[in-house]
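Letter by letter, the chains look like this.
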Amino acid sequence: MKSARVAALGAALAVSPAWPARGADGLTLEAALSLARAGSPDVLAARRRVAEAAARLRARPGLRENPALEGAWGARDAGPSDFEVGLSQTFELGGRGGSRRDVDRAALAREEAEFARAERAVLREVRVAFRRGLLAAERLRLAAAVEVDAAELERIARRRHEQGDVAALDLNVAASARSRARAELKAAEAASVSALTDLRLLLGLAGGEPLSLAGPLWEEAPYDPASLLAAAAGRPEVQALQAQRHEAEAEARLGRGLAWPDVTPAVRYERDEGDHVLWAGVTVTLPLFDRGQQLGAVARARRDGLLLETEARTRALQGQVQGALALHELRLAAVAELAANAATLADSEALARRSYEVGQIGLGELLLVRRETAEARRLWLDSLLELAQARAELDAMSGGAR
């Protein structure tokens, strides 16, 4: 059934004189995706956060506390002055340094997953915006063709009116139809400018930079439902939750480590009333009240909640894949049906215009056919954009590489 719909769509597009499948030389979809990866503001922001997390992990010091150097000097009323100098260093026990590094590693993994999610979202938007730009150009081309046809219709009505075949009403109606066609042409030009502006923003291009698009108005490449469902467990949304869970586990270990004391060995040299004294000592904290119980309890609750959330998110993404596949099939069927209908109406419009020119039908009948054809073209272009949106969603689910 699917192959039959695709064949019908291809045949309809091939026989329709108003549907070119190729554009002039310009920016391709693949090139647009590459530009988005390199210059999209959202992608650059996500990449910056990854770099910050990597720098935080790379630059984490081996010890949390710096050495402390103390000194003092004093003088008595009589006798030599005295002084003392001390050096101490605090060490954490309970593996707290390693736990903090694990927190940084998990934070880096989370930012990398967020970067992948942001990049996929941008590429999905670029795919839709690119297709919208192509379809806006096609809508503009069709509006220009309609305006040319309206001018020809006005010429025919004027000639027949001069020959006495039709009343002045036909000439007025034809002039009104041409005026509407000119207005629709301007609206199509505005839609094209809007589409290209949105695409420039996504690609990070300058506003005045020329931009033209090249590519087919639609494409059909098969999707593997089994692969898409299996890939749901590896989606960036799930990876980010898993990284957060690892971060919570590291924070829980850090909380357990806080139950261990801090040890601060120190050495001191002093001169007291002329005597030189060198001594060593150690300071040990007593974690009686703050034993990391709050940090550990919160981290464990967060870890358990993230485990449930990860499982639920995976199921939701699998359901999203199934819904997107079903939606894509329906959008594809709608495009095939509308393309075939629009192609038939385009032929009918050409026949109706010739019939009006020789006086076989009235202007009202011709305008009715033209209105039906214009509506069919509009619905066809709208259905192509809806199909592009469905495909962009599936491409994002498949990893964004298509």
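Residues numbered from 1 in each chain as written. Predicted model: local features only at pLDDT ≥ 70, side-chain atom pairs only at ≥ 80, totals over all residues. Heavy atoms only, no water.

Peer 1: Help me understand the overall build of the protein in this model?
Peer 2: Each helix and strand in the protein was counted, giving nine helices and five strands. Scanning the protein from its N terminus toward the C terminus, one meets helices and strands in the order α-α-α-β-β-β-α-α-α-α-β-β-α-α. In terms of overall size, the protein is more extended than a compact globule, its C-alpha atoms giving a radius of gyration of 36 Å where 402 residues would be expected to give roughly 21 Å. When the backbone C-alpha atoms are referred to their principal axes, the protein occupies close to 135 × 50 × 35 Å. A separation threshold of at least 6 residues defines the contact pool for the protein, and within that pool the share at least 24 residues apart is 81%. A total of about 21400 Å² of accessible surface is found on the protein, and carbon and sulfur atoms cover 57% of it. The average position of the 55 basic charges and that of the 57 acidic charges among the side chains of the protein differ by 3 Å. (Helix = DSSP H or I, 4+ residues; strand = E, 2+ residues; numbered from the N terminus. Rg over C-alpha atoms; globule rule 2.2 N^0.38 Å. Contact = heavy atoms within 4.5 Å. Areas by Shrake-Rupley, 256 points an atom, 1.4 Å probe, with all protein chains shown as cover. Lys, Arg positive; Asp, Glu negative; His and termini not counted. Charge placed at Lys NZ, Arg CZ, Asp CG, Glu CD.)

Peer 1: What is the right way to read the pattern of salt bridges from this model?
Peer 2: Pairing between side chains becomes possible if they bear opposite charge and their charged atoms approach one another. Per the counting criterion, the structure on display carries 31 salt bridges. Ionic pairing is found between Asp104 and Arg60, a salt bridge with its closest N-O pair at 2.4 Å. Within this pair, whereas Asp104 is found in helix α4 (residues 96–162), its partner Arg60 is found in the loop between α3 (41–58) and β1 (68–74), the two being separated by 44 residues in sequence. A relative accessible area of 7% means that Asp104 is categorised as buried. (Salt bridge = Lys/Arg side-chain N within 4 Å of Asp/Glu carboxyl O. Buried < 20%, exposed > 50% of the residue type's maximum accessible area, 1.4 Å probe, protein only.)

Peer 1: Would you mind showing me how to read the packing of aromatic side chains here?
Peer 2: The description of an aromatic ring pair uses the distance of the two centres, along with the angle that the planes make with each other. Counting across every chain of the model gives one aromatic pair. The interplanar angle of 50 degrees and the centroid separation of 6.0 Å between the aromatic rings of Phe83 and Tyr269 together place this pair among those described as tilted. Placement of the pair is Phe83 in strand β2 (residues 82–88) and Tyr269 in strand β4 (residues 262–272), with a sequence separation of 186 residues. Judged by its relative accessible area of 27%, Phe83 is partly exposed. According to the relative accessible area criterion, Tyr269 is partly exposed, its value standing at 32%. (Phe/Tyr/Trp six-rings, centres within 6.5 Å; stacked < 30°, edge-to-face > 60°.)

Peer 1: Whenever I open this one, the pairing of strand β5 (residues 275–284) confuses me. Can you help?
Peer 2: A regular strand places its side chains so that they alternate between the two faces of the sheet. Bridge count for β4 against β5 is 10 bridges, and the pairing is antiparallel. Bridge pairing links Arg271 to His276 in β5. Here β4 hands over to β5 after two residues, with Glu273 in that stretch at a positive phi of 55 degrees. (Pairing = 2+ DSSP bridges.)

Peer 1: Explain the nonpolar core here, please?
Peer 2: Within the largest apolar cluster, 36 residues are counted, with the highest numbers of intra-cluster contacts made by Val126, Leu199, Leu203, Leu213 and Leu384. At the level of secondary structure, the elements contributing two or more residues to this core comprise α2 (29–39), α3, α4, α5 (168–203), α8 (293–357) and α9 (363–397). Judged by nonpolar contacts, the second largest core, of 12 residues, contains Leu153, Val166, Ala174 and Ala352. (Core = buried A, V, L, I, M, F, W, Y, C linked by side-chain atoms within 4.5 Å.)

Peer 1: Help me understand the side chain of Ser99, please; the structure alone is not making it clear to me.
Peer 2: Inspection of the secondary structure assignment puts Ser99 in helix α4. For Ser99, a relative accessible area of 5% corresponds to the buried category. Apart from the residues lying within four places of it in its own chain, the contact partners of Ser99 are Ala250, Arg253 and Leu254.

Peer 1: For this particular structure, what's the right way to read the environment of Ala352?
Peer 2: Looking at the secondary structure, you find Ala352 in helix α8. Through-space distance from the C-alpha of Ala352 to that of Glu219 is 32 Å; in sequence the pair is 133 residues apart. If sequence neighbours within four positions are ignored, Ala352 has contacts with Ile361, Leu366 and Val369.

Peer 1: Honestly, the layout of surface pockets in this entry has me stumped. Any pointers?
Peer 2: Any space left empty among the atoms is revealed by the rolling of a water-sized probe across them. Approximately 590 Å³ is the volume attributed to the largest pocket. If you trace the largest pocket, you find 19 residues lining it, with Val146, Glu184, Arg370, Ala374 and Glu375 closest to the centre. Broken down by secondary-structure element, the contributors of at least two residues to the lining of the largest pocket are α4, α5 and α9. When grouped by side-chain class, the residues that make up the lining of the largest pocket number 10 nonpolar, no polar and nine charged. (1 Å grid on protein atoms, 1.4 Å probe; cavity = no way out; pocket = protein on both sides within 12 Å on 5 of 7 lines; lining within 4 Å. Points joined across faces, edges and corners; volume = space filled by probe spheres on them. Nonpolar A, V, L, I, M, F, W, Y, C, P; charged D, E, K, R; others polar.)

Peer 1: Explain empty space enclosed by the protein to me, please; I cannot follow it from the model alone.
Peer 2: Applying the stated criterion across every chain, the model contains two cavities of 30 Å³ or more. Estimates place the volume of the largest cavity at around 110 Å³. If you trace the largest cavity, you find it lined by Leu29, Arg127, Arg131, Leu217, Trp218, Glu219, Leu384, Leu387, Ala388, Arg391, Ala392 and Asp395. Looking at the lining of the largest cavity, the elements that each hand over two or more residues are α4 and α9. Ranked by residue count, the leading element in the lining of the largest cavity is α9, at six residues. Split by residue class, the lining of the largest cavity holds seven nonpolar, no polar and five charged.

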